[in-house]
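# Breakdown of the fold
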Amino acid sequence: MTETDAHPEDSDSGQQPLEADRLRDLLLAPGYLKVLAFSAVIGIPVSLVAFWFLVGLHELEHLLWAELPHGLGWDAPPWWWPLPLLLVAGVVVGLVATQLPGGGGHVPASGLHTGGTPPVTLPGVLIAAAASLPFGAVLGPEAPLIALGGGLALLFRDLTRAPATPQTTALLGAAGAAAAIAAIFGNPLIAAVLLIEVAGAGGPQLFAVMLPALLSSGVGALVFTGFGHWTGLETGSLSLELPMPFPRLDAGDVLWTIPLALALAVLLHPVLAFARRVASFIRAGVVGRTVLCALAAAACAALYALITGRTPADVALSGQATLGRLAADPHAWGVGALLAVLLFKGIAYSLCLGSLRGGLVFPALFLGATAGVLLAPLPGLGLVPAMAAGMAAATASTLRLPVSSVVLVSLLLGGSAMMPVVILAAVIAFVATELLPERPALPPAPRAEKTPAH
């Protein structure tokens, strides 16, 4: 028996001070303290830009889907309304992907990404997001916000002539992304947790990455909230107003959560696999095939409207506003409408994930909530627990970020009463997704064409 085996506690006690010393040395390093201070400052301009970016998206969406149809004499958008809008989206995104640096941001089928976005790619990111999201893409704004925040942080670093090192690029990119993502979720905590899981850091490096991100998102949230109240403008922050007090969980709620989470993981897996195949399909002819996929997504919304008599906006767009209406009055949807929106929005979601630009979160939340409402009449399953479990399972399966999914759904519900089923659903869906066959690999992103030098 070795001395280490005889006294294992000596090894542990010797290792802990080493880790603590490394963290202390890192925090006391002049360069890191400068990055931390810069992160607090950077949260202010990044959150202001994110505020106006979201305001612009919200106002343009309202113009295209409410004011313009009303001005033309319709109470709601007609069934064919998504076709011309998503045609525009496909053309613009296809041109951005081939002509501008960065291709308008990463293809959303590849998941969320952190890290510093090169500032030169920001125009393409903004144009592609503005052409996708308000025009009916079944995507959310979180991915463009992450790119916007990270790119602005690095731009401000370059403007102040701060040292450009791999460490500052990673730290400031995470800080800027956190400040921007806190805007749409309305809470700096989800921004910090999301970046923890997406970055996949650990040990002292985890603290090094997350302290700037948490500080920047906290400062950004203060500025964002105050500026929103001062201007009176809306950005469409995600929140639910459930029509009833939270019930107490019983055995039926917990037991039904298991098959519900498994079912969502199994059903969403081919949705995401098909999205990657769409991305591979588009690689062979970016502009034309992007337009084709965008029109196919529009056709899903149009068919849904023709079949159900409801607005095509139920299928088109991110589902953020529709989720609020579903939570407020779930009984306004019949079984046929719920099945139809799950089918058509799921297909449109796949097409948009592989072709347009945006994020995965909001449509996944909507699909999970819809599945919960559809299954709520099962004996022993309540409406609120079913919606909570459905949203947690769908986000965990789609993002493969279980902790972020739990935090997001809990904050969205405004309390911890549903926490047991939320955690259970997220864990089951995440494990089931990881055990399912691997999704097909994504092709390399298309490169922008270079203009000849003069």
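Residues numbered from 1 in each chain as written. Predicted model: local features only at pLDDT ≥ 70, side-chain atom pairs only at ≥ 80, totals over all residues. Heavy atoms only, no water.

### Examining the overall build of the protein
The cut-off we apply is this: Strands here mean DSSP runs of E at least two residues long; helices mean DSSP runs of H or I at least four residues long; both are numbered from the N terminus. Any two residues whose heavy atoms approach within 4.5 Å are treated as being in contact. To measure how exposed things are, a 1.4 Å probe is used in the Shrake-Rupley method; for residues, cover is taken only from the protein chains shown.
Along its length, the protein carries 17 helices and 0 strands. For the protein, the proportion of contacts with a sequence separation of at least 24, taken over those separated by at least 6, is 81%. Accessible surface for the protein amounts to roughly 19,300 Å². Of this, 68% is attributable to carbon and sulfur atoms.

### A look at the environment of Ile184
Heads up, the rule is: Throughout this description, buried means an accessible area under 20% of the type-specific maximum (1.4 Å probe, protein chains only), exposed means over 50%, and partly exposed covers the range between.
Following the sequence through the fold, Ile184 ends up in helix H7 (residues 166-185). The exposure class of Ile184 is buried, given its relative accessible area of 0%. As for Ile184 and Gly140, which are separated by 44 residues in sequence, their C-alpha atoms are 9.7 Å apart.

### Focus on helix H14 (residues 361-375)
We apply this condition: The span expected for a helix works out to 1.5 Å for each residue beyond the first.
In a regular helix each residue adds 1.5 Å, so 15 residues correspond to 21 Å; H14 covers 21 Å between its end C-alpha atoms and thus fits that length. Taking burial as the measure, the 15 residues of H14 include 13 buried ones, the bulk of the element.

### Digging into the packing of helix H15 (residues 383-399) against helix H17 (residues 419-435)
As a reminder, the rule being used: To obtain an axis, a line is fitted to C-alpha atoms, over the contacting stretch when the element is a helix, and the angle between two such axes runs from 0 to 180 degrees between their N-to-C directions. Here is the rule for handedness: rotate from the far helix to the near one, and if that takes an anticlockwise turn smaller than a right angle the crossing is left-handed, while a clockwise turn gives right-handed. The residue classification treats Ala, Val, Leu, Ile, Met, Phe, Trp, Tyr, Cys and Pro as nonpolar and Asp, Glu, Lys and Arg as charged. All others, Gly included, are polar.
It is at 8 Å that the axes of H15 and H17 come closest, and there the two elements cross at 35°. Here H15 runs over H17; the crossing is right-handed. For the pair H15 and H17, contact is made by Pro385, Ala388, Ala389, Ala392, Ala393, Ala396 and Ser397 and by Val421, Val422, Ala425, Ala426, Ala429, Phe430 and Thr433, respectively. Partitioning the contact of H15 with H17 into residue classes produces 12 nonpolar, 2 polar and no charged.

### Considerations on the environment of Thr370
Looking at where Thr370 falls in the secondary structure, it is placed in helix H14. By relative accessible area, which is 0% here, Thr370 ends up buried. Sequence-distant contacts of Thr370, defined by excluding residues within four places in its chain, comprise Leu326, Leu338, Val341 and Leu342.

### Topic: the packing of aromatic side chains
Selection criterion: Paired rings are identified among Phe, Tyr and Trp, the last through its six-membered ring, by centres lying within 6.5 Å, and are further divided according to the angle between planes into stacked (under 30 degrees), edge-to-face (over 60) and tilted (the rest). The criterion for a charge sitting over a ring is simple: Lys NZ or Arg CZ within 6 Å of the ring centre, and within 35 degrees of the ring normal.
Under the definition given, this model contains 5 aromatic pairs. Ring plane angle 85° and centroid distance 5.2 Å describe the contact between Phe51 and Trp52, whose orientation is recorded as edge-to-face. One aromatic cluster is present, built from ring pairs that chain together Trp74, Trp80 and Trp81. Lying over the aromatic face of Trp333, Arg310 brings its terminal NZ or CZ to 3.9 Å of the ring centre. Taking NZ or CZ as reference, Lys345 lies 5.2 Å from the ring centre of Phe366, over its face.

### A word on empty space enclosed by the protein
For clarity, the cut-off: In this analysis a 1.4 Å probe is tested at points of a 1 Å grid over the protein atoms alone, and where it fits but cannot get out there is a cavity; an open set with protein on both sides within 12 Å along at least five of seven lines is a pocket; lining residues have an atom within 4 Å of a point. Grid points are joined across faces, edges and corners, and a volume is the space filled by probe spheres set on the points.
Evaluation of the coordinates by the stated rule reveals 2 cavities of 30 Å³ or more. Here the largest cavity is characterised by a volume of approximately 80 Å³. Lining the largest cavity are Gly104, Gly105, His106, Val125, Ala129, Ala143, Pro144, Ala147, Arg357 and Gly358. Counting residues per element, the ones that place at least two in the lining of the largest cavity are helix H5 (122-132) and helix H6 (142-159). Sort the elements by how many residues they give to the lining of the largest cavity and H6 lands first, with 3 residues. Class assignment for the residues of the lining of the largest cavity results in 5 nonpolar, 4 polar and 1 charged.

### Concerning a nonpolar patch on the surface
Defined as follows: Patch building starts from residues that exceed 30% relative accessible area and form no salt bridge, then joins like charges within 9 Å and nonpolar side chains (Val, Leu, Ile, Met, Phe, Trp, Tyr) within 5 Å. By salt bridge we mean one thing: a side-chain nitrogen of Lys or Arg within 4 Å of a carboxyl oxygen of Asp or Glu.
A cluster of nonpolar side chains, contributed by Leu68, Leu72, Trp74, Trp79, Trp80, Leu303, Leu306 and Ile307, occupies part of the molecular surface with about 780 Å² of accessible area. The element best represented in the nonpolar patch is helix H11 (residues 286-308), accounting for 3 residues. Summarising the element assignment, Trp79 is placed in the loop between helix H3 (30-71) and helix H4 (82-99). Here Trp79 falls in the partly exposed class, since its relative accessible area comes to 40%.

### Remarks on the packing of helix H10 (residues 251-283) against H17
Here H10 crosses H17 at 35°, and the two axes come no closer than 8 Å. For the crossing formed where H10 meets H17, the hand is right-handed. Contacts from Asp253, Val254, Thr257, Ile258, Ala261, Leu262, Ala265 and His269 of H10 reach H17 at Val421, Leu424, Ala425, Ile428, Ala429, Ala432 and Thr433. Among the residues forming the contact of H10 with H17, the class breakdown is 11 nonpolar, 3 polar and 1 charged.

### A short note on the confidence of the model for the protein
As a note on interpretation, predicted positions should not be read in detail where pLDDT is low. Let me state the cut-off plainly: The predictor rates its confidence in each residue with pLDDT, a number between 0 and 100.
Mean pLDDT over the protein: 81, with 77% of residues reaching 70 or higher. Every residue in residues 1-16 scores below 50 in pLDDT, and together they form 2 contacts with partners more than four places removed in sequence or on other chains. Across residues 446-454 the pLDDT falls below 50, and counting only partners more than four positions away or on other chains, this stretch makes 12 contacts in the model.

### Describing the pattern of salt bridges
One pass over the full model with this rule turns up 2 salt bridges. A salt bridge links Arg310 to Asp314; the shortest N-O distance between them is 2.9 Å. A residue is classified by how much of its surface remains accessible, and Asp314, at 2% relative accessible area, is buried. For Glu434, the salt bridge identified is with Arg400, shortest N-O distance 3.5 Å. One end of the pair, Glu434, is in helix H17; the other, Arg400, is in the loop between H15 and helix H16 (402-413), and 34 residues separate them in sequence. What makes Arg400 partly exposed here is its relative accessible area of 21%.

### Details of the state of the cysteines
This is how it is decided: Two cysteine sulfur atoms form a disulfide, by the criterion used here, when they sit within 2.5 Å.
This structure, assessed with the given rule, holds 0 disulfides. Sulfur of Cys293: no disulfide; nearest cysteine sulfur belongs to Cys352 and is 9.0 Å away. Considering cysteine sulfurs only, Cys352 is the nearest to Cys300, which forms no disulfide, with 8.6 Å between them. Assessed through its relative accessible area of 9%, Cys300 is described here as buried.

### Quick look at unusual backbone geometry
With the exception of glycine, most residues fall at negative phi, and the peptide bonds are largely trans. Here the phi dihedral of Leu317 falls at roughly 70°; this positive angle occurs in a residue that is not glycine. Secondary-structure assignment places Leu317 in the loop between H11 and helix H12 (320-328). Owing to a relative accessible area of 8%, Leu317 belongs among the buried residues under this scheme. Despite not being glycine, Arg400 has its phi angle at roughly 60°, a positive value.

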